[in-house]
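# Examination of the molecular architecture
Given next are the chains, with one letter for each unit.
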Amino acid sequence: MTGPTAPPGRPWLAWPVGARVIVRRRLAEGGYSDVLGYLETVDDDGVRVATRRGPVDVPGDQIAVGKLIPPPPARRPRREPA
């Protein structure tokens, strides 16, 4: 069984809402910035990612690359001093 497919040039349309993603976006002043979090919305115009600092809208024309990533690792318990 295969997952949903997206039109060429808009791979984010195949990403399911709620999935954890990393999106590299092009900045207007040049360079790139990464957005890490959970997808809130996905449409033809781009995505909204819920990050630790709040939601970030990434227009489709700014998405350079992105991918689904696994959940973060479980936090390790604190070690008690000896």
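Reference entry: report on the structure contained in this document. (Residues numbered from 1 in each chain as written. Predicted model: local features only at pLDDT ≥ 70, side-chain atom pairs only at ≥ 80, totals over all residues. Heavy atoms only, no water.)

## Side note on the pairing of strand 4 (residues 54–59)
Residues in a regular strand project their side chains so that they alternate between the two faces of the sheet. With 6 bridges connecting them, strand 3 (residues 46–51) and strand 4 associate as antiparallel partners. Within the sheet, the bridge partner assigned to T51 lies in strand 4 and is G54. The antiparallel pairing of strand 3 with strand 4 creates a hairpin that spans 2 residues between the two strands. (Pairing = 2+ DSSP bridges. Helix = DSSP H or I, 4+ residues; strand = E, 2+ residues; numbered from the N terminus.)

## Considering the environment of A64
Relative to the helices and strands, A64 is located in strand 5 (residues 63–68). Considered as a pair, A64 and R25 are 39 residues apart in the sequence and their alpha carbons are 5.3 Å apart. Not counting the four nearest positions on each side in its chain, A64 is found in contact with R24, R25, R26 and Y32. (Contact = heavy atoms within 4.5 Å.)

## Comments concerning the nonpolar core
If you look at the biggest cluster of nonpolar residues, it comprises 11 residues: W12, W15, V21, V23, V35, L39, V47, V49, V56, V58 and I63. Put simply, the parts of the chain that give this core at least two residues each are strand 1 (20–26), strand 2 (32–43), strand 3 and strand 4. Not counting chain neighbours up to four residues away, the residues in contact with W12 comprise V42, D43, D44, G46, V47, G60 and I63. (Core = buried A, V, L, I, M, F, W, Y, C linked by side-chain atoms within 4.5 Å. Buried < 20%, exposed > 50% of the residue type's maximum accessible area, 1.4 Å probe, protein only.)

## Some thoughts on the sheet that holds strand 4
Hydrogen bonding along the main chain pairs the strands of a sheet, whether they run parallel or antiparallel. Read from one edge to the other, the open sheet built from 5 strands follows the order 4-3-2-1-5, with strand pairing classed as antiparallel. Each having just a single partner strand, strand 4 and strand 5 make up the two edges of the open sheet. On average, each strand axis in the sheet is inclined to that of its neighbour by 40 degrees, with strand direction left out of account. (Axes fitted to C-alpha atoms, helices over the stretch in contact; angles between N-to-C directions.)

## Topic: the pattern of salt bridges
Overall, the coordinates contain 3 salt bridges when judged by the stated rule. A salt bridge links R24 to D34, with the shortest nitrogen-to-oxygen separation between them at 2.7 Å. Pair noted here: R24 is in strand 1 and D34 is in strand 2, with a separation of 10 residues, a long-range link. For D57, the salt bridge goes to R48, with nearest N and O atoms at 2.7 Å. (Salt bridge = Lys/Arg side-chain N within 4 Å of Asp/Glu carboxyl O.)

## Here we look at the side chain of R20
Checked against the element boundaries, R20 lands in strand 1. Comment: no salt bridge for buried R20; closest opposite-charge side chain is D34, at 12 Å. Side-chain polar atoms of R20 contact the backbone oxygen of P70, separated by 2.6 Å. (Lys, Arg positive; Asp, Glu negative; His and termini not counted. Polar contact = N/O pair within 3.5 Å; in protein donor to acceptor, adjacent residues only side chain to side chain.)

## With respect to the environment of T41
Relative to the elements of secondary structure, T41 occurs in strand 2. Looking at T41, the relative accessible area reads 37%, which means it is partly exposed. The contact partners of T41, leaving out residues within four places of it in the chain, are V17, G46, V47 and R48.

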